[in-house]
Amino acid sequence: ELAAALRNLAFGNSDNKAAIAKAGAIPPLVELLTSGIADAKEKAAAALRNLAFGNSDNKAAIAKAGAIPPLVELLTSRTADAKENAAAALRNLAFGNSDNQVAIAKAGAIPPLVELLTSGTAYAKENAAAALRNLAFGNSDNQVAIAKAGA
C-alpha cells in the first residue's frame, strides 16, 4: 500500500514529487515492478507515472533506476490496470526527454504499445497513443519503428 500512498501524494503536487524522490523512494518503486505481486506492480507503475509527470529530474532518476524494462514488460501483463499504468508511465517518461525516448524504444516498447491501440481498454489505448506520440516527437528512428510496427 506504500506505492499507492506515494502515487496519491505525487499526484498534481510538485513539492511532494521532489520530496518523494529526495527521500529515495524511486529505487524501491522500481524494485516493486520486478519483484512485487501484480497489485504492487500496478501501483508502483502508477506512482512512477505521477512522479515523472512534469518533473525532468524524476524522469531521469526513474530511468537511471532501471524502470524502463520492467514497465515495458508490464505492457503485456495480464491485468488491464498494469497495462494502463505502464503505458502512462512510459508516456510521461518519454515526454520531452530524448534519452528516455531512445531507451524506451530500445527496451522494445513500440510493438506492445501499438498492440494496445487495438487490444487495450479505452484508457490503455489513450495512454499507448500518447506514449507513441511522445516517442515519435523529434525522433526519426522511433517514427520509422512505429510505422513498421503497424501504427
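## Structural notes on the side chain of Lys17
At step 1: Tracing the sequence through the fold places Lys17 in helix H2 (residues 14–22).
At step 2: The buried charged residue Lys17 lacks any salt bridge, with Asp15 as its nearest oppositely charged partner at 10 Å.
At step 3: With residues up to four places along the chain from it excluded, the contact list for Lys17 reads Ala10, Gly12, Asn50, Leu51, Phe53, Asn55 and Asn58.

## Considerations on the environment of Gln101
At step 1: One can find Gln101 in helix H8 (residues 98–106).
At step 2: Judged by relative accessible area, Gln101 falls into the buried class, the value being 6%.
At step 3: Through-space distance from the C-alpha of Gln101 to that of Leu117 is 19 Å; in sequence the pair is 16 residues apart.
At step 4: From its side chain, Gln101 meets the backbone oxygen of Asn134 in a polar contact 2.5 Å long.

## Some words on helix H7 (residues 80–94)
At step 1: For H7, built from 15 residues, the straight-helix expectation of 21 Å at 1.5 Å per residue is met to within 8% by its first-to-last C-alpha distance of 21 Å.
At step 2: Buried residues dominate H7, accounting for 12 of its 15 residues.
At step 3: Where H7 is concerned, the buried positions are Ala82, Glu84, Asn85, Ala86, Ala87, Ala88, Ala89, Leu90, Arg91, Asn92, Leu93 and Ala94.
At step 4: Elements in contact with the buried residues of H7: helix H4 (38–52), helix H5 (56–64), helix H6 (68–74), H8, helix H9 (110–119) and helix H10 (122–136).

## Some thoughts on the packing of H4 against H7
At step 1: The N-to-C vectors of H4 and H7 enclose an angle of 25 degrees; their axes lie 8 Å apart at closest approach. Judged by the angle between their axes, H4 and H7 are roughly parallel. When you trace H4 past H7, the crossing you get is left-handed. Here Glu42, Ala45, Ala46, Arg49 and Ala52 of H4 lie close against H7, whose contacting residues are Asp81, Ala82, Asn85, Ala86, Ala88, Ala89, Arg91, Asn92 and Leu93.
At step 2: Among the residues forming the contact of H4 with H7, the class breakdown is 8 nonpolar, 2 polar and 4 charged.

## Quick look at the nonpolar core
At step 1: If you look at the biggest cluster of nonpolar residues, it comprises 42 residues, and the most contacted ones within it are Leu48, Leu71, Leu90 and Leu113.
At step 2: Those elements that place two or more of their residues in this core are helix H1 (2–10), helix H3 (26–35), H4, H6, H7, H9 and H10.
At step 3: Setting aside residues no more than four positions away along its own chain, Leu48 makes contact with Ile26, Leu29, Val30, Leu33, Ile62 and Ala67.

What counts and how
- Residues numbered from 1 in each chain as written.
- Predicted model: local features only at pLDDT ≥ 70, side-chain atom pairs only at ≥ 80, totals over all residues.
- Heavy atoms only, no water.
- Helix = DSSP H or I, 4+ residues; strand = E, 2+ residues; numbered from the N terminus.
- Buried < 20%, exposed > 50% of the residue type's maximum accessible area, 1.4 Å probe, protein only.
- Lys, Arg positive; Asp, Glu negative; His and termini not counted.
- Salt bridge = Lys/Arg side-chain N within 4 Å of Asp/Glu carboxyl O.
- Contact = heavy atoms within 4.5 Å.
- Polar contact = N/O pair within 3.5 Å; in protein donor to acceptor, adjacent residues only side chain to side chain.
- Expected span 1.5 Å × (residues − 1).
- Axes fitted to C-alpha atoms, helices over the stretch in contact; angles between N-to-C directions.
- Parallel < 35°, antiparallel > 145°, perpendicular 65-115°, else oblique.
- Left-handed = near helix turned anticlockwise from the far one by under 90°.
- Nonpolar A, V, L, I, M, F, W, Y, C, P; charged D, E, K, R; others polar.
- Core = buried A, V, L, I, M, F, W, Y, C linked by side-chain atoms within 4.5 Å.

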